[in-house]
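Fold and geometry: a report
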Amino acid sequence: MDFGSVLTAMVTPFDKNGQVDFEQTSILIEYLLKKGTDGLVIAGTTGESPTLSAEEKIILFKHVVKIVNKRVPVIAGTGSNNTRASIELTREAEKSGVDAVMLVVPYYNKPNQEGMYEHFSTIARETSLPVMLYNIPGRSAVKLSAETIINLSRIDNIVSLKEASGDLDLAAEVIENTDDAFSVYSGDDGLTLPLLSIGAQGIVSVASHIIGDKMQEMVTLYKQGNIKKAAQAHRKLLPIMNGLFRSPSPVPVKTALQLKGIETGGVRLPLVKLSKAELEELKKILIQ
């Protein structure tokens, strides 16, 4: 399924009391749309999903759907390591009017491949929404295999994969052995162009908060066949892409947004703000 080329894994703005700031969320949405994002992924890792309550997520889903007003797809992060809880949140997301849901690989429990297949297929059966799988072993401790992803792709409403394992062989195997309607998105900004080169649809990006327009230009160059210029653009953007992950995400990207005049507030514990040295390093990266 084609959700677009550059999707933004959106941060969740907080006010000075650490509560979700819906006014600033609206401002952020408009800013991201002007920067060229094709879609918004909300309440994912970058949205600090581990520290958002289910109630906060549902209100956030409804607010984003209202503000976006069908201009771009809205994909709600409803996955967790609790299958029943994921089903309940997915049902609420569907009621809110989102366009799709993203389901992360169950973390901490460390299920085997059969357990992960049953987890995703069970949730998918409980919704009519399109489902994007999210493979991120660096955070989940377990990794979906290519075989499991391919098998899951045969379920009608499992239509996409956010691939953040860094395994290009796995991505290539999935792309080769799934229907053309099944889309693969990079989950790593720095692997955007390599994954495009083996058939991925695009990127679910953190860096697009800051360089969304430039990432769109790079992807467009590639899809138009101007590989050399696309590669040049990719190399130029890499310092910012990588710099936004030198400290635990989304601390650097929230700080970078504030430096650009987009107020998103702080982060919730256990995350903490950048040190003075980290802040200065980030400033240098942003002015390159």
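Just so it is clear, the model here is predicted, and its values are computed rather than measured.

The next thing to look at is empty space enclosed by the protein. A water-sized probe, rolled over the atoms, reveals where empty space remains. Within this structure, the stated rule accounts for 1 cavity of 30 Å³ or more. Counted as a void, the largest cavity has a volume near 40 Å³. For the lining of the largest cavity, the class distribution of residues is 4 nonpolar, 2 polar and 2 charged.

Another aspect to go through is the nonpolar core. The biggest cluster of nonpolar side chains holds 76 residues, and the ones touching the most others in it are L40, V64 and L133. Look past the residues within four positions of V64 in its chain and what remains in contact with it is M10, T25, I29, L40, I42 and V74. In terms of nonpolar packing, the next biggest core, distinct from the first, is built from 15 residues, A9, I75, I136 and V159 among them.

What follows concerns the UniProt feature "active site" (unreviewed entry) in the chain. The feature "active site" (unreviewed entry), as given by UniProt, occupies Y134 and K162 in the numbering adopted here. Over a stretch of 29 residues, the named residues converge on one spot in the fold, their C-alpha atoms separated by at most 4.7 Å. When the annotated set is filtered for residues lining the largest pocket, what remains is Y134. Among the structural elements, Y134 can be located in strand β5 (residues 131-135). Setting aside residues no more than four positions away along its own chain, Y134 makes contact with T45, M102, L103, V104, V105, K162 and A164. Note on placement: K162 falls in strand β6 (residues 158-163). For K162, the contacting residues outside a window of four places in its chain are M102, M132, L133, Y134, N135, Y185, S186, G187 and V204.

Rules behind the numbers
- Residues numbered from 1 in each chain as written.
- Predicted model: local features only at pLDDT ≥ 70, side-chain atom pairs only at ≥ 80, totals over all residues.
- Heavy atoms only, no water.
- 1 Å grid on protein atoms, 1.4 Å probe; cavity = no way out; pocket = protein on both sides within 12 Å on 5 of 7 lines; lining within 4 Å.
- Points joined across faces, edges and corners; volume = space filled by probe spheres on them.
- Nonpolar A, V, L, I, M, F, W, Y, C, P; charged D, E, K, R; others polar.
- Core = buried A, V, L, I, M, F, W, Y, C linked by side-chain atoms within 4.5 Å.
- Buried < 20%, exposed > 50% of the residue type's maximum accessible area, 1.4 Å probe, protein only.
- Contact = heavy atoms within 4.5 Å.
- UniProt positions renumbered as here; feature names shortened; annotations may be inferred.
- Helix = DSSP H or I, 4+ residues; strand = E, 2+ residues; numbered from the N terminus.

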